[in-house]
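Take a look at the letters that make up each chain.
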Amino acid sequence: MTTRRLGAVTAAAVLALGLAACGSDAGNTGGGGDATGGSGGGAGLKIGIKFDQPGLGLKKGTEYSGFDVDVAKYVAKELGTEEADITWVQAPSAQRETLIETGQVNMVFATYSITDARKEKVSFAGPYFIAGQDLLIRSDDSSITGPDALEGKKLCSVTGSTSAQKVKDKYPGVQLQELSGYSECLPALANKTLDALTTDDTILAGLAAQPEYAGKFKVVGSTFSEERYGVGIKKGDTALCEKINAALKKMVEDGSWQKALDANLGPAGYKAGAGNPPTPDTCS
Ligand code: GLU
């Protein structure tokens, strides 16, 4: 009987704790105040990443891996947040600005190119990497040599990306299919429903290197844009931007940046192009 009552008390205590945790979390996401959960404390961070980009941001079971994930962990640690206190949130290309604006995430590390259009809604720390737009095609296809050879071809890309925007602006003769994630394009490319996939060379290398697609695809290898990966944060949070930039600089200086790149994109045979590692822009 005593045990039973104790059980009830414990349950009530747990419930109260749970509610308290919910309450504080709701307060944190509710906007206003410091979205980082304080500058120096060990408060948790909600970080937006891709879940379907091997080598960059990948969720497998309960494990998160990739270059973006490693850079995010390094920066979080410099901000006083341990890995265990990070909540990873899926940040598809089209949802990144909204996730930041609504406070659903504190930072986005998701192959997120710094652009003037995006800067109207969010701010960026970094860049921490420079990639370039390229094409992924079937290994046996010799007809697509670059974006100028896409006329009349069926091309796959992702809604809300600079990759899709570039095609709409510069190559209007292409039949563009926009999906919500790059990994979704692969089955259609393999079965010839679509002819090519376009986005950053980093993403394409990681996707092509997946064992289930071994030998099936090749990256064309002539980039036609410059994609400067930034860390998306709430618009105008200059203090946070400066802290992130300091962490990024330290990551390059102590060798961790190169180590993370080699570990995550090395296996895919990816070599970082000119301009890497970049120096972060001045925060504004
Ligand atoms: N880096 C480009 C962008 O931010 C393409 C990759 C992506 O969609 O994440 O739009």
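Described below are features of the structure shown in this document.

Rules used throughout
In this numbering scheme, every chain counts its residues from 1 along its sequence in written order. Under the rules for a predicted model, residues below a pLDDT of 70 receive no local features and side-chain atom pairs below 80 are neither given nor counted, while totals for whole chains, interfaces and linings still include all residues. Side-chain measures here rest on the full set of heavy atoms in the structure, leaving out hydrogens and waters. Working definition: with a 1.4 Å probe on protein chains only, accessible area under 20% of the residue-type maximum means buried, over 50% means exposed, and in between means partly exposed. Runs of H or I in DSSP of at least four residues are treated as helices and runs of E of at least two as strands, each being numbered from the N terminus. Any two strands with at least two DSSP bridges between them are considered paired. Between Lys or Arg on one side and Asp or Glu on the other, a salt bridge is scored when a side-chain nitrogen of the former is within 4 Å of a carboxyl oxygen of the latter. Think of it this way: one heavy atom of a residue within 4 Å of a molecule or strand is enough to make that residue near it. In protein, a polar contact requires one atom able to donate a hydrogen and another able to accept it; more generally it is a pair of N or O atoms within 3.5 Å, and residues adjacent in sequence count only if both atoms are side-chain atoms. To measure how exposed things are, a 1.4 Å probe is used in the Shrake-Rupley method; for residues, cover is taken only from the protein chains shown. Grid points spaced at 1 Å and placed over the protein atoms alone form the basis of the search, with a cavity being a set where a 1.4 Å probe fits but cannot get out and a pocket an open set showing protein on both sides within 12 Å along at least five of seven lines. Lining residues have an atom within 4 Å of a point. The way we define it, a molecule is inside a pocket or cavity when more than half of its atoms are within 2 Å of that pocket's grid points. We call Asp, Glu, Lys and Arg charged. Ala, Val, Leu, Ile, Met, Phe, Trp, Tyr, Cys and Pro are nonpolar, and the rest, Gly among them, are polar. Grid points are joined across faces, edges and corners, and a volume is the space filled by probe spheres set on the points.

Quick look at the pairing of strand β7 (residues 122-131) now. Burial within β7 is extensive, with 10 of its 10 residues counted as buried. As judged from the 7 bridges shared by β7 and strand β13 (residues 227-234), these two strands associate in the antiparallel manner. When the bridges of β13 are listed, Phe129 appears paired with Tyr229.

Okay, the pattern of salt bridges next. Think of it this way: side chains of opposite charge can pair up when their charged atoms draw near. According to the stated counting rule, one finds 6 salt bridges in the structure shown. For the salt bridge of Arg138 with Asp195, the shortest nitrogen-to-oxygen distance reads 3.7 Å. With Arg138 in strand β8 (residues 133-138) and Asp195 in the loop between α6 (185-190) and β11 (196-200), this residue pair connects regions lying 57 residues apart in the sequence. Of the two residues, Arg138 and Asp195, both sit in the buried class.

What follows is about the site of the ligand. Taken together, 17 residues surround the ligand, and among them Lys50, Ser93, Thr111, Tyr182 and Asp200 come closest. Within the contact set of the ligand, an oxygen atom lies 2.7 Å away from a side-chain nitrogen or oxygen of Lys50. At a separation of 2.9 Å, an oxygen atom of the ligand approaches a polar side-chain atom of Arg118. Taken by itself the ligand offers 280 Å² of open surface, and the protein chains cover 100% of this. Mapping the ligand onto the cavity grids shows that it belongs to the largest cavity. Of all the secondary-structure elements, those providing two or more residues to the shell around the ligand are α5 (162-170), β11 and β13. Residues of the shell around the ligand, tallied by class, amount to 5 nonpolar, 7 polar and 5 charged.

With that settled, the discussion passes to the layout of surface pockets. Rolled over the atoms, a probe sized like a water molecule indicates the empty space that remains. As a volume, the largest pocket reaches approximately 430 Å³. Looking at the lining of the largest pocket, the elements that each hand over two or more residues are α4 (116-119), α5 and β13. Counting residues per element, the lining of the largest pocket draws most heavily on α5, which supplies 7 residues. Tallied by class, the residues present in the lining of the largest pocket amount to 5 nonpolar, 10 polar and 11 charged. In this structure, the second largest pocket spans a volume of roughly 280 Å³. For the second largest pocket, the lining is made up of 16 residues, of which Pro54, Gly55, Leu58, Gly206 and Gln210 are closest to its centre. Of all the secondary structure elements, the ones that give two or more residues to the lining of the second largest pocket are β3 (57-60) and α9 (256-265).

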